[in-house]
Amino acid sequence: MSDQTPQPDPTLRQDVLSARRIVVKVGSSSLTTAAGGLDADRVDALVDALAKTLTGPASPEVVLVSSGAIAAGLAPLGLARRPGDLARQQAAASVGQGLLVARYTASFARYGLRVGQVLLTAEDASRRAHYRNAYRTLDQLLAMGAVPVVNENDTVATAEIKFGDNDRLAALVAHLVRADLLILLSDVDGLYDGDPGKPGTRRIAEVRGPQDLEGVEIGSTGKAGVGTGGMVTKVEAARIATGAGIPVVLTAARHAADALAGRPTGTLFTRTGARTADRLLWLAHASSPRGALHLDEGAVRAVVEGGKSLLPAGVTKVDGEFAAGDPVDLLAENGHIIARGLVNFDARELPRLLGRSTRDLAQELGAAYEREVIHRDDLVVLRG
């Protein structure tokens, strides 16, 4: 009897096989017809692959980030193509979201699996209470054996409706739920060094960092024309996830089973950074700034190099209309954005505080004003 430890199969991706919590994102074009409306066979094929993983020997947890709500609502509303105006996009999402979750519910039920719908907006990304609630909901659904189906809340989103076809949302959800792996499913079987429709182009099997993308032409549109994303948003999502310590597999939806089994399909983006605070990743990549604060040179150094909080003494000008708790950009004297943070004062309060010390403000206005404009824990540096 041999006492040798079985060696891992070198042909399989070990990062995939060792993942205990996986986020899978699927695009509109992989779930619907070009004319709009859900393709039941495509949905069932995806669920077949996910269910095999969920009920297999390793049985990792899976969070599904699914596009398709707007596309699913096109045909029922008699729309020939995705509308350009926001009101009809939201109407299509309202109709399509119910159809989408109903289809997933029925398809997963074939395997005795339940689903739970979770709709998110960018505000859920940047506000402390919202992101904590989102995490608790997702974590509890997984603990109870359900499959969370996450989508952007397109029926009420405004600027956020152009989130990048949920690619960026998937990367942020992967970080939020502390996933070990992100799989991006599309209608293209990986990242190519040019137009995959042209002869001579090759699929890039692995991306270890930005240097591997130098000279690569990245397309911005998909084939079916029913989504808003493209390869640009997928590569950006991979950059966000890998920078937070989460490897990414990008492949076609038809290869979902192979991707989940660790087979070398599509493109593997290896991790390039370490996990950071949840809110800071969401603040940097998901929040929409409601205004801006102009900083003097000393405040820029304190924030960027010293990792300090932003105090009223270092702020020279206020732009925009915002409330306490809103995200705002921090600008250097040359106008460049150097950081983003959650502000502790309303825009109308700040002008009389500028350039003054917190001690002086407390003496004149009360103890409530002896605090930071933005605390370091609510601030992320975007560039040095």
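Residues numbered from 1 in each chain as written. Predicted model: local features only at pLDDT ≥ 70, side-chain atom pairs only at ≥ 80, totals over all residues. Heavy atoms only, no water.

Student: Help me understand a nonpolar patch on the surface, please; the structure alone is not making it clear to me.
Tutor: Nonpolar side chains collect at one region of the surface, where Leu77, Val95 and Leu99 lie side by side and expose about 210 Å² of accessible area between them. For Leu99, the location among the structural elements is in helix 4 (residues 86-109). (Patch = residues over 30% accessible without salt bridge, like charges linked within 9 Å, V, L, I, M, F, W, Y side chains within 5 Å. Areas by Shrake-Rupley, 256 points an atom, 1.4 Å probe, with all protein chains shown as cover. Salt bridge = Lys/Arg side-chain N within 4 Å of Asp/Glu carboxyl O. Helix = DSSP H or I, 4+ residues; strand = E, 2+ residues; numbered from the N terminus.)

Student: Help me out: how do you make sense of the environment of Ala299 in this one?
Tutor: Along the chain, Ala299 turns up in helix 11 (residues 297-304). On the basis of relative accessible area, Ala299 is assigned to the buried category, the value being 9%. Spatially, the C-alpha atoms of Ala299 and Leu330 are 10.0 Å apart, while their sequence positions differ by 31 residues. Apart from residues no more than four positions distant in its own chain, Ala299 is found in contact with Leu310 and Gly314. (Buried < 20%, exposed > 50% of the residue type's maximum accessible area, 1.4 Å probe, protein only. Contact = heavy atoms within 4.5 Å.)

Student: Even after reading the chapter, I still don't get helix 11, so can you show me in this structure?
Tutor: Along an α-helix, residues three or four apart share an orientation, since each turn contains 3.6 residues. Of all the positions in helix 11, only Ala299, Val300 and Val303 are classed as buried. An end-on view of helix 11 places all buried positions within 105° of arc, on one side of the element. Where the residues of helix 11 are buried, they touch strand 9 (291-295), strand 12 (337-342) and strand 13 (379-381). Between the side-chain oxygen of the N-cap and the backbone nitrogen of Gly298 there are 3.2 Å, and the N-cap of helix 11 in question is Asp296. (Arc of directions from axis to C-beta. Polar contact = N/O pair within 3.5 Å; in protein donor to acceptor, adjacent residues only side chain to side chain.)

Student: I'm lost on the side chain of Asp187 in this one. Help?
Tutor: Structurally, Asp187 is set in the loop between strand 5 (181-186) and strand 6 (206-207). Among the polar contacts listed, one links the side chain of Asp187 to the side chain of Ser29, at a separation of 3.3 Å. Looking at Asp187, its side chain comes within polar contact range of the side chain of Ser186, at 3.1 Å.

Student: I would appreciate a short explanation of the nonpolar core in the present structure.
Tutor: One broad trend across soluble globular proteins is that nonpolar side chains are buried collectively. With 43 residues, the main nonpolar core has Val23, Leu120, Val150, Val173, Leu182, Leu191 and Trp282 as its most contacted residues. Listing elements by their share of this core, those giving two or more residues are strand 2 (61-66), strand 3 (115-120), helix 6 (128-143), helix 7 (167-176), strand 5, helix 8 (231-243), strand 7 (248-252) and helix 10 (278-285). Tallying contributions element by element places helix 7 first for this core, with 7 residues. Setting aside anything within four residues of it in sequence, one finds Val23 in contact with Val63, Val65, Ala170, Val173, Ala174, Val177, Ala179, Leu181, Leu182 and Ile183. Membership of the second largest hydrophobic core comes to 30 residues, among which are Val43, Val47, Ile183 and Val249. (Core = buried A, V, L, I, M, F, W, Y, C linked by side-chain atoms within 4.5 Å.)

Student: Can you help me understand the sheet that holds strand 10 (residues 315-320) in this one?
Tutor: Strands in a sheet are paired, the pairing made by backbone hydrogen bonds, and the direction either parallel or antiparallel. Here 5 strands make up an open sheet; going across it, the order is 10-9-11-12-13 and the pairing mixed. The two strands at the open ends of the sheet, each matched to only one other strand, are strand 10 and strand 13. On average, each strand axis in the sheet is inclined to that of its neighbour by 25°, with strand direction left out of account. For strand 9 and strand 11 (residues 327-331), the ladder comprises 3 bridges, and the chain directions are parallel. (Pairing = 2+ DSSP bridges. Axes fitted to C-alpha atoms, helices over the stretch in contact; angles between N-to-C directions.)

Remember that the coordinates give geometry; whether it matters functionally is a separate question.
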